[in-house]
Each structure stands twice: as structure tokens, then as C-alpha cells.
Amino acid sequence: MLENVEVRMKRMIEELDDPYVNGLFENLPRGKRLRAKLILRIAGENERAAELAAIVEMIHAASLLHDDVIDDAPLRRGVVSVNASEGSKQAVMLGDVLYARGFEALTSFEEDISKKVSHAVTLLSIGEMMDVRMSKSFNADIERYFRMIYQKTAALIEATASAAAMLAKKDEKIYGLYGKNLGIAFQIIDDILDITQSSEQLGKPAMHDFEEGKTTLPYIYLYESLDEEARERLVSMHGKKLADEQKEWIRGMMEVTAAVQKAYLYAKELGEEAIALMEGENEEGLAQIVEAMIEREF
């Protein structure tokens with residue numbers, strides 16, 4: 001059914017009858033299709049579930065295009081980004097096209113489902129704005145960080161799981177909480193991998209988040225564990241191109257303070273809560289998705 005989702009997404013773009021848009025869309029990396037997998041697992045492998053999955057993945061693809069422009073990212077999963085190949089204006093407009101196409105198709109669903117997804121996209125956009133504001137200075141406020149990643153990442157995953165449950169006449173609150181925990185944990189793991197993995201594994205420059213001004217959970221934990229002098233050194237590197245020796249210092253201090261391990265344990269705790277929720281619903285496949293996400297290396 002995942003292939004069916006891909007076919008539907010392709011058809012949604014081909015119906016626009018614009019070769020340029022179609023060509024750009026064809027070259028976008030597919031990614032993990034996490035949201036599509038959730039919908040098909042929760043709502044079953046049927047036509048309505050596949051349609052909803054295609055819509056949500058279309059919206060997610062739009063958000064990534066805008067993300068890459070905001071971050072001035074040259075690569076997306078090892079592939080040259082649209083903003084790098086076509087310019088930021090074209091990337092933004094392609095993102096707008098995908099958003100609009102997704103919302104157009106979403107109108108075919110029941111009002112409670114369409115409202116659930118639409119509200120999540122509003123939160124996603126607010127989260128993106130908050131992320132940009134927070135990148136202007138080092139953020140040591142952990143609650144602010146969690147609020148931002150909930151809006152930017154977890155809200156759409158939460159809505160995806162909840163909307164799929166509505167479609168299948170299951171308990172939307174239980175599945176929504178599962179999606180929320182999964183979404184927050186997913187982002188924390190992403191934040192960790194940006195520090196621990198190589199550029200080749202990530203398909204983008206390593207430690208790019210910190211250079212772009214993002215103060216992710218491991219950095220907040222690191223800051224909390226440092227003395228005043230080391231804190232000043234860490235903050236002085238924030239939002240700047242890092243030399244290799246600076247990266248090594250940060251990684252070394254992360255190891256000494258166990259900041260990465262602490263962030264990983266928090267993500268794992270959220271994941272275990274999500275697994276317990278799904279085991280209670282006899283959803284072994286959804287529990288396995290969480291396990292795979294926690295243990296991934298890219």
C-alpha cells in the first residue's frame with residue numbers, strides 16, 4: 001500500500017499539468033514515509049487510508065521544502081535541495097503548491113478529520129516561526145524547546161495518528177497520544193544524530209543544527225552540566241561555522257557530561273510510553289515503528 005500512496009501523490013501533482021512542478025516533485029527524496037506508515041497501520045490498507053496518507057505526506061514534503069529554505073540547507077537526505085538547485089523562491093513556491101494541493105484533497109474527508117490535520121499544520125507553521133526566533137540566541141530554556149518541537153514536528157504526527165483512528169473508528173485520544181510521544185521522541189533522536197553521526201550518514205553536514213543557531217536538547221543538557229567558563233565557550237560557538245577542533249570539543253564535552261545519553265534516555269522513555277499504549281490496543285506493528293525509530297542511525 002505504500003506504493004499506492006506514492007502513486008496517489010504522483011497523480012495529485014500530474015493533474016496540475018505543469019511539467020516544471022512535476023519534474024521538481026519527481027526529484028524530491030521520498031524519505032521514511034513515517035506518517036503514511038502510521039495511517040496504513042491504524043486505519044488499514046484501504047483506499048481512504050491511502051488517500052489520507054498521500055495528503056499528509058504531501059503536506060509534510062511542503063514543510064521540508066520550507067525548512068530547507070529557512071536553514072539554507074544544500075542537501076536533503078543526500079540529494080541536492082530544491083533551494084540549492086532552483087533557488088529559494090522556487091523552493092518556497094513549490095512548497096506552497098504542495099500545501100495547496102494537499103489541502104484541496106483534504107476537503108474530501110469528514111470535517112473532524114480535515115480540521116484535525118489542518119490545525120496541526122497551523123501549529124507546524126507557528127513552530128517553524130518559533131524555531132527561527134529561537135535561533136537568534138542560545139536557548140537554555142528546556143520548556144521552550146519542548147514547546148517548539150511539539151508544534152514543529154510532533155503536532156502533525158499526533159494529528160496523523162488521531163485522524164487515522166477517526167477513519168477507523170478507533171479511540172482518537174489514545175492514538176493521538178501515541179503520535180505525540182512518537183513525534184517528540186523522533187525529533188530528539190534527529191537532534192542527537194546531528195551530533196553523533198557523520199555527514200555521509202546524515203546526508204547533510206554534521207552538527208549543522210548548532211551552526212544554524214538551533215539549541216537542541218543535548219546542547220541544553222550540556223549547558224546545564226558545564227561550569228561558567230565552559231558555558232561561555234559553548235555559547236560563543238552558537239550560530240557560527242564550527243572548526244573541526246570546536247566540533248571535537250563539543251563532542252568530547254557531550255561524552256564527559258553524558259548529555260547525549262541523557263537526551264536519548266528521555267526519547268526512549270517517551271517511546272516506551274508509546275509502545276505501552278499500542279500494546280494495550282494489540283497494535284504490535286505500531287509498537288515496532290517506535291522501536292525502529294528509537295534505534296535508527298540516520
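Look up a bit, the structure's there.
Heads up: these notes are all about the structure in this document. (Residues numbered from 1 in each chain as written. Predicted model: local features only at pLDDT ≥ 70, side-chain atom pairs only at ≥ 80, totals over all residues. Heavy atoms only, no water.)

**Examining the side chain of Arg8**
Argument step 1. Inspection of the secondary structure assignment puts Arg8 in helix α1 (residues 2-14).
Argument step 2. Here Arg8 falls in the buried class, since its relative accessible area comes to 12%.
Argument step 3. Contacts of Arg8, omitting those with residues within four sequence positions, involve Glu47, Ala50, Glu51 and Ala54. (Helix = DSSP H or I, 4+ residues; strand = E, 2+ residues; numbered from the N terminus. Buried < 20%, exposed > 50% of the residue type's maximum accessible area, 1.4 Å probe, protein only. Contact = heavy atoms within 4.5 Å.)

**Considering the nonpolar core**
Where a protein is soluble and globular, its nonpolar side chains tend to be buried together.
Argument step 1. Leu98, Tyr178, Leu182, Ile188, Leu234 and Ile250 are the most contacted members of the largest nonpolar core, which totals 97 residues.
Argument step 2. With 13 residues, the single largest contributor to this core is helix α8 (residues 142-167).
Argument step 3. Dropping the residues within four chain positions of it, Ile250 is found in contact with Met207, Phe210, Tyr219, Leu222, Leu234, Met237 and Leu242. (Core = buried A, V, L, I, M, F, W, Y, C linked by side-chain atoms within 4.5 Å.)

**Some thoughts on helix α12 (residues 217-225)**
Argument step 1. Burial analysis of α12 places seven of its nine residues in the buried class, the great majority of the element.
Argument step 2. Among the residues of α12, those classed as buried are Leu217, Pro218, Tyr219, Ile220, Tyr221, Leu222 and Tyr223.
Argument step 3. Elements in contact with the buried residues of α12: α8, α9 (172-196), α11 (208-211), α13 (228-237), α14 (244-257) and α15 (259-280).

**Remarks on the packing of α12 against α14**
To describe two helices that pack against each other, one gives the angle between their axes and the distance between the axes.
Argument step 1. Orientation of α12 relative to α14, taken along the N-to-C sense of each, is 70°, at an axis distance of 10 Å. One way to sum up the angle between α12 and α14 is to call them roughly perpendicular. The residues of α14 that touch α12, namely those facing Pro218, Tyr219, Leu222 and Ser225, are Ile250, Met253, Met254 and Thr257.
Argument step 2. Here the residues of the contact of α12 with α14 sort into six nonpolar, two polar and no charged. (Axes fitted to C-alpha atoms, helices over the stretch in contact; angles between N-to-C directions. Parallel < 35°, antiparallel > 145°, perpendicular 65-115°, else oblique. Nonpolar A, V, L, I, M, F, W, Y, C, P; charged D, E, K, R; others polar.)

**A word on helix α4 (residues 47-71)**
Since there are 3.6 residues in each turn of an α-helix, residues three or four apart along the chain are aligned in direction.
Argument step 1. Its 25 residues give α4 an end-to-end C-alpha distance of 36 Å, which sits within 8% of 36 Å, the value for a rise of 1.5 Å per residue.
Argument step 2. Counting buried residues in α4 gives 21 out of 25 residues, a clear majority hidden from the surface.
Argument step 3. Just past α4, the residue Asp72 takes up positive phi, approximately 55°. (Expected span 1.5 Å × (residues − 1).)

**Brief notes about unusual backbone geometry**
Argument step 1. A positive phi angle, close to 55°, is found at Arg33, a residue other than glycine.
Argument step 2. Note on placement: Arg33 falls in the loop between α2 (19-26) and α3 (34-43).
Argument step 3. One non-glycine residue, Asp72, lies in positive phi territory at about 55°.

**Structural notes on the side chain of Lys214**
Argument step 1. Checked against the element boundaries, Lys214 lands in the loop between α11 and α12.
Argument step 2. Here Asp131 takes part through its side chain, which lies 2.7 Å from a polar atom of the side chain of Lys214.
Argument step 3. Among all residues touching Lys214, those that are not within four sequence positions of it are Asp71, Asp131, Lys152, Asp209 and His238. (Polar contact = N/O pair within 3.5 Å; in protein donor to acceptor, adjacent residues only side chain to side chain.)

**A closer look at the environment of Arg76**
Argument step 1. For Arg76, the position within the fold is in strand β1 (residues 75-76).
Argument step 2. Note: C-alpha distance between Arg76 and Gly31 (45 residues apart in sequence) is 9.3 Å.
Argument step 3. A polar contact of 2.8 Å, which involves the side chain of Arg76, links it to the side chain of Asp68.

**A short note on the layout of surface pockets**
Argument step 1. The calculated volume of the second largest pocket comes to roughly 500 Å³.
Argument step 2. Along the wall of the second largest pocket there are 29 residues; nearest its centre are Phe25, Glu26, Asn27, Leu28 and Pro29.
Argument step 3. Elements represented by at least two residues in the lining of the second largest pocket include exactly α1, α2, α4, β2 (79-80) and α5 (82-85).
Argument step 4. Among the residues forming the lining of the second largest pocket, the class breakdown is 12 nonpolar, five polar and 12 charged. (1 Å grid on protein atoms, 1.4 Å probe; cavity = no way out; pocket = protein on both sides within 12 Å on 5 of 7 lines; lining within 4 Å. Points joined across faces, edges and corners; volume = space filled by probe spheres on them.)

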